[in-house]
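One-letter residues, chain by chain:
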Amino acid sequence: MTFETRRLILAGGAAVALALAAPFAAAPADAQGKVFRWANDGDVNSMDPYARNETFLLAFLQNIYEPLVRRDKESKLEPGLAVKWGQTAPKTWYFDLRQGVKFHDGTPLTADDVVFSLNRANGKGSNMLTYFATVEKIRKVSDSRIEIDTNVPDPLLASKWAVIFIMSKAWAEKNNALTVGDLTKQEENFATRNAMGSGPFKLKSREPDVKTVLEANKDWWDKPEHNLSEVVFSRIANAATRVAALRSGEIDMVYTVPPQDTDTLDKDPNTKIIQGPETRVVYFGFDHGRKELLYSNVKGKNPFQDKRVREAIYRSIDVEAIKKTVMRGQSYPVALMVAPVIGGYMKDLDQRPAMLTPDQAKKLLADAGYPNGFEVTLDCPTDRYVNDEKICQAVVGMLARIGVKINLRAQTRLKYFAQILLPKADTSFWMLGWSPAATFDVHDVFVNLIQTPNAESKKGQFNPGSYSNPKFDELADKVQIETDVAKRNALIAEATKVYTSDYAYIPLHQQAVIYAARKNVDLVLTADNAFALRWVKMK
Amino acid sequence: MIAFLIRRLFQAAIVMLTVALIAFVLFNYVGDPINAMVGQDTSLQDREKLRQDLGLNDSVPVRFARFVGNAVQGQFGLSYRTAEPVGRMILERLPATLELSFVAALFALLVGVPMGVYSGLHPRSWTSRILQAVSLIGISLPTFLIGILLILIFAVGLGVLPSFGRGDAVNLGGWTTGFLTVSGLKALILPSITLGLFQLTLIMRIVRSEMLEVMRTDYIKFARARGLKHRAVNFGHALRNTLVPVITITGLQLGQLIAFAIITETVFAWPGVGQLFVTSVSSADMPVMSAYLALIGFLFVTINLLVDLLYFAIDPRLRTAQAATRVS
């Protein structure tokens, strides 16, 4: 009754608003193409392509800026601003540039722009330095060719640079944006809010955290597969509102879909769900290094140093059950630390050892000297991965059955990572996720997550459990510099066997990338979650 | 009057400093901004260097002194998240929040006062009871839920009002306004109802109880005995005397509206300072958080000061009391 009254009053207000709106017609759509409106929970944090090394920023800016070598729909490399590339010597790379490419202001793209951009990305304030770790010198050889000297043979340079975008040198000079913005200064860098690239879309207007408008670049060198004239990107932080805006037709696509709404949107006759596996693998890690665990009731020794304990735990965690109950089917279990689209993924090794019955697992623990199990704290983020905390809660139950009592410590990512990662590594058992998006190659995982931590060589920097196997280290070092594909794959297979048979980590799954769109939108979902406007078609 | 002003300004400065200090200490528990700033494979050395460069390794008193020193000169630094000047980020978003709060307050007053007067004059009527019941809903339903319900009804169900954003805002020399376009006005409706509903019910209830009180007093009876019109009695005498508490509450609530527009702004993706604050908390963007809290502290202090001054204007007794203290 009362609710009805309120509704009536509100409906009255709406009627007034409608009456107000009546004399004004909606803006006419461009006859040449469609206007595509989409939204995400967070904004693009900057228009500067080197300001942040984060998936969403790079995915968004690939519409405005272009790399030398770009990724196609299957995430494979294809010519971008370079038509040809390769190695002339183990330590020398060349890129032959595409001719006739123009920036959005009409000026031609030259080798100087490319050299400038690469140096800017490798310079002060840039967050892309990881992609230049092997680079010694970037040289312009001619107007159509640049060469790069590396300090070690680097077979992955082209692959890494698929996220390094090329910016106009003249524009940067004119606007005093020669380096990336410096946070310790008080003034803003011009490139933070403006952009000058050569990509399929131009930046038309930008209101940070509100709305960013792009328009199609009619002079783009490539043949457009999209049929858009304008793209409006809005930020809608609240999940329920985002879904409502999609259902009401105010927007055509949402990028981050709350898991609980996928069913509703899938059933709605006007909307659809597009889903696929992401490159990131979510996994659990053990403290292998310490003599005594920081958070356990076992004193004087570290149960995780015994392979039987790791095996018992690994083979008692049911990833299929997690997929079914916690993830609502939106996960793709893996047994390796890399996902199938990544270079060096070994399909025949991606076999999870069979689950143990609780009695078998208990026997393994008893053999290792823990007939009554033990207690350990599991660290978990609450807001980083899809259902992260719920997965951990499920694992608590699974391990209770084999006598391992888990104390769950869940916290926000802002505190979590500072505690879990090196140098603190203040944890005994934890959850992390990793995507080798930097190189799209398994070596990224080897060197960062599995090799022995070494501050000097910068290896094992994200191996807080200090897993260390000299044989693995040796193989991974060889993989890094082997340029022969067959030999390299053999080394990778061997290294993969080492860490899986050691039960060094417990890989769980790839989480799903989920987009939702109106029925009339055709788009391509790629495993690196880099939503590209150049493949969007609207009926 | 001047002594009073100076005293209040001095108090205000102390309040501001205290607020800033508490906020600053609290931010140390929000988390580590560095992890939100760098890519996953940024080396530990680079992370440490960034932390050093930003001065995050300094002690809290040192950082606080630096913050206050800069803030006094109007410098709030660059956001850790977007590398934009914090002062400009806040100024750009302030009009959206102020317009929303203003419309919400106006809605609460224009609807709440008549509702209160009506149900104060006719406490036993049927309509009054309905109004009371409706106001109970307004006061007990969480803002978040009201917002989502309104969106579901008017945006998804009827498709007549936008579910998010501010429509087309017009920029008038640095002040963006949604008042000048149809889409801007339409976009204001749902958020301001959501934000103002709580205030509306509060005002209605206060006006009602004050009216009930005042209508029982002798001077109202005498006024009626003098044969004054109902209208003159109700509005000229009764309502006027209920206004002091209403103004106090409205003034304080205006500050609340601005400060707690956070939830409404988040629900409606309203591009105001509240939403900026929420975003900043989730990435531990300390420069923005500090500046925002300083601003909110400043708003509250200013509004309270203005309310005190309004008392002077409305209630002559206060003026005489002040004079009396000065004499004695």
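Reading the values: the criteria
Residues numbered from 1 in each chain as written. Chains lettered and ligands numbered in written order. Predicted model: local features only at pLDDT ≥ 70, side-chain atom pairs only at ≥ 80, totals over all residues. Helix = DSSP H or I, 4+ residues; strand = E, 2+ residues; numbered from the N terminus. Buried ≥ 20, exposed ≤ 12 C-beta atoms within 10 Å, placed from the backbone. Contact = placed C-beta atoms within 7 Å. Rg over C-alpha atoms; globule rule 2.2 N^0.38 Å. pLDDT = per-residue confidence, 0-100. Pairing = 2+ DSSP bridges. Nonpolar A, V, L, I, M, F, W, Y, C, P; charged D, E, K, R; others polar. Expected span 1.5 Å × (residues − 1). Core = buried A, V, L, I, M, F, W, Y, C linked by C-beta atoms within 7 Å. Axes fitted to C-alpha atoms, helices over the stretch in contact; angles between N-to-C directions. Parallel < 35°, antiparallel > 145°, perpendicular 65-115°, else oblique. Left-handed = near helix turned anticlockwise from the far one by under 90°.

Caption draft 1: Here's a closer look at the overall build of chain B. On a plain count of helices and strands, chain B comes out with 14 helices and 2 strands. In terms of its C-alpha atoms, chain B occupies a principal-axis envelope of roughly 85 × 65 × 35 Å. Relative to its 328 residues, chain B shows a buried fraction of 41%. A sequence separation of at least 24 residues applies to 72% of the contacts in chain B between residues at least 6 apart.

Caption draft 2: The overall build of chain A, seen in detail. Helix and strand content of chain A: 15 helices and 21 strands. Here chain A has a C-alpha radius of gyration of 26 Å; the compact-globule value for 539 residues is 24 Å, and the two agree. Along the longest, intermediate and shortest principal axes, the C-alpha atoms of chain A span 80 × 80 × 45 Å. Burial statistics for chain A: of 539 residues in total, 48% are counted as buried. Summarising the internal contacts of chain A: among those between residues at least 6 apart in sequence, 69% fall at separations of at least 24.

Caption draft 3: Focus on the confidence of the model for chain B. Mean pLDDT over chain B works out to 84, with 96% of the residues at or above the 70 mark. Per the prediction output, this complex has pTM 0.83; the corresponding ipTM is 0.81.

Caption draft 4: How the structure looks around the pairing of strand β8 (residues 145-150) of chain A. Residues and elements named next belong to chain A. The alternating pattern of β8 places Ile146, Ile148 and Thr150 on a buried face, while none of Arg145, Glu147 and Asp149, on the opposite face, is buried. Inspection of the sheet shows strand β6 (residues 92-97) paired to β8 by 5 bridges, in the antiparallel sense. Across the sheet, the residue bridging to Trp93 is Ile148, located in β8. Relative to β8, strand β7 (residues 135-142) is paired through 6 bridges, and the arrangement is antiparallel.

Caption draft 5: The arrangement of the confidence of the model for chain A in detail. Averaged over every residue, the pLDDT of chain A is 90; residues scoring 70 or more account for 94%. Every residue in residues 1-30 of chain A is under pLDDT 50, and counting partners more than four places away or in other chains gives 27 contacts.

Caption draft 6: Quick look at the interface of chain B and chain A. Counting residues at the interface gives 56 residues for chain B and 53 residues for chain A. Of all elements in the fold, only α2 (33-37), α3 (44-53), α6 (126-140), α7 (143-157), α8 (182-215), α11 (261-267) and α12 (273-282) of chain B reach the threshold of two or more residues within the side of chain B that touches chain A. In terms of residue count, α7 of chain B provides more of the side of chain B that touches chain A than any other element does, 6 residues in total. Residue composition of the side of chain B that touches chain A, grouped by class: 34 nonpolar, 15 polar and 7 charged.

Caption draft 7: Focus on the environment of Trp126 of chain B. With respect to the secondary-structure elements, Trp126 of chain B resides in helix α6. Between the C-alpha atoms of Trp126 of chain B and Ile22 of chain B, which are 104 residues apart in sequence, the distance is 49 Å.

Caption draft 8: The arrangement of helix α1 (residues 2-27) of chain B in detail. In a regular helix each residue adds 1.5 Å, so 26 residues correspond to 38 Å; α1 of chain B covers 37 Å between its end C-alpha atoms and thus fits that length. Those residues of α1 of chain B that fall on the buried side of the exposure criterion are Ala20, Ala23 and Phe24 of chain B.

Caption draft 9: View of the nonpolar core. One finds Val254, Tyr283, Ala495 and Ala516 of chain A together with Tyr292 of chain B to be the most contacted residues of the largest nonpolar core, which totals 225 residues. No other element matches α8 of chain B, which puts 15 residues into this core.

Caption draft 10: View of the packing of helix α5 (residues 86-121) of chain B against α12 of chain B. Residues and elements named next belong to chain B. Packing of α5 against α12 leaves a shortest axis separation of 7 Å and a crossing angle of 130 degrees. With respect to each other, α5 and α12 are oriented oblique. Each of Met89, Ile90, Arg93, Leu94 and Thr97 in α5 lies in contact with α12, whose residues at this interface are Val273, Gly274 and Leu276. In the contact of α5 with α12, the residues fall into 5 nonpolar, 2 polar and 1 charged.

Caption draft 11: Up close: unusual backbone geometry. Residue and element names in this part refer to chain A. Cis geometry marks the peptide bond from Leu422 to Pro423; its omega dihedral reads 5 degrees. Tracing the chain through its elements places Pro423 in the loop between α12 (413-420) and β18 (429-434). The backbone of Ser466 sits at a positive phi, close to 55 degrees, despite the residue not being glycine. Here Ser466 is to be found in the loop between α13 (442-450) and α14 (470-481). Unusually for a residue other than glycine, Tyr503 sits at a positive phi of about 50 degrees. By secondary structure assignment, the location of Tyr503 is in the loop between α15 (485-501) and β19 (505-518).

Caption draft 12: Looking closely at the pairing of strand β14 (residues 271-286) of chain A. Residues and elements named next belong to chain A. The sheet contact formed by β14 and β19 spans 12 bridges and is antiparallel. Residue pairing for β19: Phe284 is matched across the bridge by Ile506. One ladder, built from 6 bridges, connects β14 with β18; its direction is antiparallel. Counterpart to Gly285 in the pairing with β18 is Trp430.

Caption draft 13: Highlighting the sheet that holds strand β5 (residues 82-89) of chain A. Residues and elements named next belong to chain A. Here 4 strands make up an open sheet; going across it, the order is β5-β6-β8-β7 and the pairing antiparallel. Looking along the sheet, the strands with just one partner apiece sit at the ends: β5 and β7. With direction set aside, neighbouring strand axes in the sheet form an average angle of 20 degrees. Strands in contact with helix α3 (residues 111-121) are β6, β7 and β8; relative to β7, the strand with the most contacts, it is inclined by about 170 degrees.

Caption draft 14: Main features of the environment of Trp430 of chain A. Residue and element names in this part refer to chain A. Note on placement: Trp430 falls in strand β18. For Trp430, a count of 25 C-beta atoms within 10 Å corresponds to the buried category. Residues Trp430 and Cys392, spaced 38 residues apart in sequence, show a C-alpha to C-alpha distance of 9.2 Å. Not counting the four nearest positions on each side in its chain, Trp430 is found in contact with Phe284, Gly285, Leu378, Asp379 and Ile420.

Caption draft 15: The arrangement of helix α6 (residues 239-247) of chain A in detail. Counting buried residues along α6 of chain A, 7 of its 9 residues qualify, which places the element largely inside the surrounding structure. In the segment just after α6 of chain A, Gly249 of chain A is the residue with positive phi, at about 85 degrees.

Caption draft 16: Structural detail: the packing of α5 of chain B against α6 of chain B. All names here are of chain B. Where α5 meets α6, the axes come as close as 9 Å, and the angle between the chain directions of the two elements is 130 degrees. Between α5 and α6, the angle is such that the two are oblique. In this structure, the crossing between α5 and α6 has a hand that is left-handed. Residue-level contacts link Met115, Tyr118 and Ser119 of α5 to Ser128, Leu131 and Gln132 of α6.

Caption draft 17: Main features of the environment of Arg352 of chain A. Residue and element names in this part refer to chain A. On the secondary structure map, Arg352 appears in the loop between β15 (331-333) and α10 (358-367). According to the C-beta neighbour criterion, Arg352 is partly exposed, with 16 such atoms within 10 Å. Each C-alpha atom of the pair Arg352 and Gln62 lies 37 Å from the other, and the pair is 290 residues apart in sequence. Once residues lying within four places of it in the same chain are set aside, the contact partners of Arg352 are Pro333 and Ala335.

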